[in-house]
Amino acid sequence: MNLADLRRVFARQMLAIAGVTGNERLENAFASVSREKFLGIGRWHILTPWYRGDVDENDPALVYQDVVIALDVERGVNNGSPSLHARWLDVVAPRPGDYVAHIGAGTGYYSAIISELVGPEGRVTAVEYDAACAVRARENLASRPNVNVVHANGCFWPEEKADVVYVNFAIPRPADPWIENLKPGGRMIFPLGIPNSTRSHGRSLNGVAITATRREAGYEASSVCPVSFVFAEGLTPEPGNDEIRNLYRSLRSGGWENVKSLVWKQPADSADCWYVGPDWALSYTAIAS
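Report on the accompanying structure. Keep in mind it's a predicted model, so treat the numbers as computed, not measured. (Residues numbered from 1 in each chain as written. Predicted model: local features only at pLDDT ≥ 70, side-chain atom pairs only at ≥ 80, totals over all residues. Heavy atoms only, no water.)

### Notes on the pattern of salt bridges
Item 1. One pass over the structure, following the stated rule, counts 15 salt bridges.
Item 2. A salt bridge links aspartate 130 to arginine 75, with the nearest nitrogen and oxygen atoms 3.5 Å apart. Pair noted here: aspartate 130 is in the loop between strand S6 (123–128) and helix H5 (131–140) and arginine 75 is in the loop between strand S3 (68–72) and strand S4 (77–79), with a separation of 55 residues, a long-range link.
Item 3. A relative accessible area of 18% means that aspartate 130 is categorised as buried.
Item 4. Overlapping salt bridges bring together Arg173, Asp176, Glu180, Lys265 and Asp279 as one network. (Salt bridge = Lys/Arg side-chain N within 4 Å of Asp/Glu carboxyl O. Helix = DSSP H or I, 4+ residues; strand = E, 2+ residues; numbered from the N terminus. Buried < 20%, exposed > 50% of the residue type's maximum accessible area, 1.4 Å probe, protein only.)

Okay, structure coming up:
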């Protein structure tokens, strides 16, 4: 089997694992991008629930499965689970012509898949905090004119209105631009999470994926799945931080699957909410239709 055929099988498998059906565009995007191009030189470090270690040789065939591959072992930065990203991308559904802000782009693999989804008429801004990863992403994505790589703090992006905001690091609160720069009908997904001193197969965060859509009456929201993501670099909460402690309690108690709306910079009744932050909340109450 050549690599093109293997990528096609891989794409079908990832969508099947994610429970995604009938999304031919997403399957084609996964089948079109060479994952090995984004993993760097040197021996690849593959992480699975049953195995963690270097592969004997950098055989591209080994990466076309639902495995996490370390980009920086010490920092816990990975090329994450393809099936998870298949599920997320199906939820936020980048369309041809859309502008997508990919926050926490790493070395650019999922930015490349997003670029396939938005097509030549769309645009992707791939924002990466780590300077070395940003350099690698710029090199990896140089052949894609619809992608612009930015070395910056993703909490300050996008700088213009976006159709999709796609966040790949955990944080205890969505950044203002993620919410306020969504176009009407725009979709956002991010890992709402807390730092964790322990690592599970190289991933250092516990949290839940939250998605929101901007409607005329507010922000429709829901949870997607529990996740484990590296925490936002450059954002280290003080020990005993009330926001982290309260979020930890909400995550531990469960109930995120009943979230229906995101309340933004308005008063929120804690009795009707799964989680209430300093100036935002995730509510069990749906927005007005």
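### Regarding helix H2 (residues 24–32)
Item 1. Taken as a whole, H2 has its buried residues at Leu26, Glu27, Ala29, Phe30 and Ala31.
Item 2. Among the structural elements, helix H1 (3–18), helix H3 (82–92) and helix H4 (109–118) are those in contact with the buried residues of H2. (Contact = heavy atoms within 4.5 Å.)

### What about H5?
Three- or four-residue spacings in an α-helix give side chains the same orientation, since the helix completes a turn every 3.6 residues.
Item 1. Considered for burial, the residues of H5 that qualify are Cys133, Ala134, Ala137 and Asn140. For H5, the arc enclosing every buried residue in end-on projection is 125°, short of the 170-degree limit, so these residues lie on one face.
Item 2. Next to the buried residues of H5 lie S6 and strand S7 (147–151).
Item 3. Put simply, aspartate 130 is the residue that caps the front of H5, since its side-chain oxygen is 3.2 Å from the backbone nitrogen of alanine 132. (Arc of directions from axis to C-beta. Polar contact = N/O pair within 3.5 Å; in protein donor to acceptor, adjacent residues only side chain to side chain.)

### Points about the side chain of serine 261
Item 1. Here serine 261 is to be found in strand S12 (residues 261–264).
Item 2. Since its relative accessible area comes to 4%, serine 261 is described here as buried.
Item 3. Of note is the side chain of serine 261, whose polar atom sits 2.5 Å from the backbone oxygen of threonine 285.
Item 4. Setting aside residues no more than four positions away along its own chain, serine 261 makes contact with Tyr219, Glu220, Ala221, Ala281, Leu282, Ser283, Thr285 and Ile287.

### Some remarks on the packing of aromatic side chains
Item 1. Per the stated rule, a full pass over the model turns up eleven aromatic pairs.
Item 2. Aromatic side chains phenylalanine 10 and tyrosine 64 sit 5.1 Å apart centroid to centroid with 75° between the ring planes, which places their arrangement in the edge-to-face category. One end of the pair, phenylalanine 10, is in helix H1; the other, tyrosine 64, is in the loop between strand S2 (52–54) and S3, and 54 residues separate them in sequence. The pair phenylalanine 10 / tyrosine 64 is uniform in exposure class, with both members buried.
Item 3. Consider the rings of tryptophan 178 and phenylalanine 190, whose centres lie 6.0 Å apart with planes at 55°: the pair is tilted. A residue pair is termed long-range when its members are at least 10 positions apart, and tryptophan 178 in helix H6 (residues 176–180) and phenylalanine 190 in strand S9 (residues 182–200) qualify at twelve residues.
Item 4. Since its relative accessible area comes to 0%, phenylalanine 190 is described here as buried. (Phe/Tyr/Trp six-rings, centres within 6.5 Å; stacked < 30°, edge-to-face > 60°.)

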